[in-house]
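Summary of structural features
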Amino acid sequence: MSMDTWVLVTDARHVGAMLAAARGLGTPVTAAVVGSRALAELVAAAGPDTVVWVEQDAQIPVEAYAARLAAAVVLAAPRVLISSTAPAARVLLGAAAARRGSVVLPAVVDLAADGDHLVVQRSAVGGAVIETLETSSPVAIVFTGEDVEAPVGSPAAIETIPADLPASDLCLIRTEPAGGDSSGVRAAARVVSVGRGVKSKADLPLIEELAAALGAEIGCSMPVADDLGWISKDRYVGRSGQHIAPRLYVALGISGAPQHMEGIRDAKVVVAVNSDKDAPIFRTADFGIVGDLYEVVPALVAALGTT
Amino acid sequence: MGTNGKRGLDDQMKTVIAYKWARDGERAAVREDGSVDWRNAKMTAGEDDPAALSAAKAIAAATGGALVGLTIGDGDASWALARGVEQSVSVTDAPTLTDNAQTAAVLAAAVRAIGNVDVIVIGDSEQHPGVPVTLAGLLGWPAVVGIDSATARDGRLEIVRKVGDDHQVLSLATPAVLGVAALSAEESAPGMKELLAARKRPLTKMTLADLGITVADAVSNRGSHLPATKPVRVFDGDPTLAAEQLVGALRADGAL
Ligand SMILES: Cc1cc2nc3c(=O)[nH]c(=O)nc-3n(C[C@H](O)[C@H](O)[C@H](O)COP(=O)(O)OP(=O)(O)OC[C@H]3O[C@@H](n4cnc5c(N)ncnc54)[C@H](O)[C@@H]3O)c2cc1C
Ligand SMILES: Nc1ncnc2c1ncn2[C@@H]1O[C@H](COP(=O)(O)O)[C@@H](O)[C@H]1O
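Residues numbered from 1 in each chain as written. Chains lettered and ligands numbered in written order. Predicted model: local features only at pLDDT ≥ 70, side-chain atom pairs only at ≥ 80, totals over all residues. Heavy atoms only, no water.

Focus: the overall build of chain A
Where we set the bar: Secondary structure elements are defined from DSSP: runs of H or I of at least 4 residues count as helices, runs of E of at least 2 residues count as strands, and each element is numbered from the N terminus. Relative accessibility thresholds used throughout: buried, under 20% of the residue-type maximum; exposed, over 50%; partly exposed, between the two (1.4 Å probe, protein chains only). Contacts: residue pairs with any heavy atoms within 4.5 Å of one another. Under this rule, positive means Lys or Arg and negative means Asp or Glu; His and the chain ends count for nothing. Charge positions are represented by NZ for Lys, CZ for Arg, CG for Asp and CD for Glu.
Across its full length, chain A holds nine helices and 15 strands. Its C-alpha atoms put chain A at 60 × 45 × 35 Å along the principal axes. Across the 307 residues in chain A, those meeting the buried criterion constitute 56%. Long-range pairs, those at least 24 residues apart, make up 60% of the contacts in chain A with a sequence separation of at least 6. Charge separation in chain A, taken as the distance between the mean sites of 23 positive and 34 negative side-chain charges, equals 2 Å.

So this is what it looks like as structure tokens:
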């Protein structure tokens, strides 16, 4: 069986990481793009051997092209299919995997070839462990490995696949603004975020002082915005809140639930201040202070002012 | 109802709410050697399943069609029945599976056995992101996942999902698979009265043999280990000193 890999792309996020993982197998890599010409060109420059492209009509969601792409996958019969967790990309993956008869594995962070076998590392139990799985079947993986910059090289050739949509079974009716980023937290280079470790709304000025010293926007965990209502809802970070990628994320009194961590997957440097040394957030943080935030925050403000 | 020459949502049609019944990973204990102790992990429904059920109820109410619960493994059928679902199906001997495509294959076979299913609503779980999409692929149906809510209108499904800064409203013909991602935890779990009522509602048990399928993971598990986390640099002890060390480290790192 060939070891060829198809990376299914519907948006620019995590393309570098997926292509790097595919490259690591040492076999030909095709990027299959459903989207705009600009997206296809961006992907072509990021290191695949070939790009196949289905041009998307702006009024038709990517998912409508799933059967078309699956047919192309069946013809090429790649050993490995890769998508990100993005909903549209996963729909392409599921359609292709079902027709290809692939094993479908979630939360894959790394893969390697071992003779005829594929050895897959997948994150399990909410990221607490990595499982090593092995298979000799074709596989389709949902990739969640660490993001890497895509190399900029000479672009691969782009081959167009005609869309030939049957009927518009799926269409966009309308788009409504969903609150957006009026808080500025999404675009901020630095974010100071508070969780239930803060005891009272009256303590927020303390946090604001630290945010000012850092030139940071204020964010929070979901319960602080939702249950307590201390901070506006467009500032909570996580799976169902803002997905942010700041240069610096400072989590104060946040335990690090997986739903929260999903929102800061792309943050560069994560700092955690938590009184519980076993808080899950210390598993992902780059720096941590084990301590009472009521002591640590004023000390941080002072340290930023003097050093 | 409008049909556009396709099968529309009508009274005979069924909406299936497929829910997970599995060990609660949050209660699992991870040992020093990276192995997992599941002894304290109770069985629970998926965290996205209540939101999926809300969408399924909205669709069934809008079409006047039947709503059928579906779970696999030693699933507790009363989960759906206690939440207002009138009938439920359980594939009792489906094993715990690593391969999302095998899970999807069991669900697909059960949906075929239920018959006349127009819409499958399923929790779009973080742990099993390949299940809803492969289920759709196996049935050859279109799918939209990662959705917030859904209902039915004029014989089609109307779906709301968030993409970037926007809410998109989509229209989709049936049959289709909808994967719903919860925005928060379930607001109110059913009480004793609902749980007792659930026991009187019909539960159909099926086996893999009834469905005429066999399932097995084509992957072998070589074991688990702790993630090779980049070592977190922890400063503890005196807060003033720790704060100074942290600020120094962030400056050196270029984060400040
Ligand atoms: C479907 C679903 C979606 C969800 N989506 C999101 C989401 O998008 N975003 C999100 O944030 N959550 C989300 N949640 C909730 C999530 O599971 C957690 O419940 C939440 O993130 C916990 O918030 P927290 O860390 O502030 O609170 P807790 O988990 O209560 O943690 C508080 C922390 O503060 C520490 N602490 C206490 N006192 C101090 C002190 N004086 N000094 C320092 N540390 C202290 C404690 O040790 C603890 O670790 C979701 C849940 C579900 C079910
Ligand atoms: N709707 C569903 N989505 C995902 N998995 C499901 C679903 N219904 C049942 N399961 C099963 O739940 C088990 C997951 O167990 P765990 O890995 O412990 O979460 C697997 O055996 C799946 O086959």
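Overview of the side chain of glutamate 63 of chain A
Mapped onto the elements, glutamate 63 of chain A comes out in the loop between strand E3 (50–55) and helix H3 (66–76). Relative accessible area serves as the criterion here: at 5%, glutamate 63 of chain A is assigned to the buried category. If near-sequence neighbours (up to four positions away) are discounted, glutamate 63 of chain A is found in contact with Pro87, Ala88, Val91 and Leu170 of chain A together with Ala143, Val144 and Arg161 of chain B.

Points about the site of ligand 2
Residues and elements named next belong to chain B. Here is the rule: Throughout, near means a residue has at least one heavy atom within 4 Å of the molecule or strand. Two N or O atoms count as a polar contact when they lie within 3.5 Å, although within protein this holds only if one can serve as hydrogen donor and the other as acceptor, and sequence-adjacent residues are included solely when both atoms are side-chain atoms. Here the Shrake-Rupley method, with its probe set to 1.4 Å, supplies the accessible areas, and only the displayed protein chains count as covering residues. Each residue gets one label: Ala, Val, Leu, Ile, Met, Phe, Trp, Tyr, Cys and Pro are nonpolar, Asp, Glu, Lys and Arg are charged, and the others, such as Gly, are polar.
Contacts to ligand 2 come from Tyr19, Lys20, Ala22, Arg23, Ile72, Pro95, Thr96, Leu97, Thr103, Ile122, His128 and Val131. Separating an oxygen atom of ligand 2 from a side-chain N or O atom of lysine 20 is a distance of 3.4 Å. Contact between ligand 2 and histidine 128: an oxygen atom at 3.1 Å from a side-chain N or O atom of the residue. Look at ligand 2: alone it shows 500 Å² of surface, and the protein chains cover 90% of it. Each residue belonging to the shell around ligand 2 can be placed in one class, and the counts come to seven nonpolar, three polar and two charged.

Points about the domain arrangement of chain A
Quick note on the threshold: Where each domain starts and ends comes from a domain assignment, either automatic or drawn from a database.
Partitioning chain A into structural domains gives domain 1 (5–161) and domain 2 (182–303). Computed over C-alpha atoms, the centres of domain 1 of chain A and domain 2 of chain A are 33 Å apart.

Topic: unusual backbone geometry
The omega torsion of the bond from threonine 174 of chain B to proline 175 of chain B falls at 0 degrees, within 30 degrees of zero and hence cis. As for its position among the elements, proline 175 of chain B is in the loop between strand E12 (166–172) and strand E13 (176–180). One non-glycine residue, alanine 77 of chain A, lies in the positive phi region at around 50 degrees. Structurally, alanine 77 of chain A can be placed in the loop between H3 and strand E4 (80–83). The class of alanine 77 of chain A is partly exposed, set by a relative accessible area of 28%. We note that alanine 107 of chain A has phi near 50 degrees; this positive angle belongs to a residue other than glycine.

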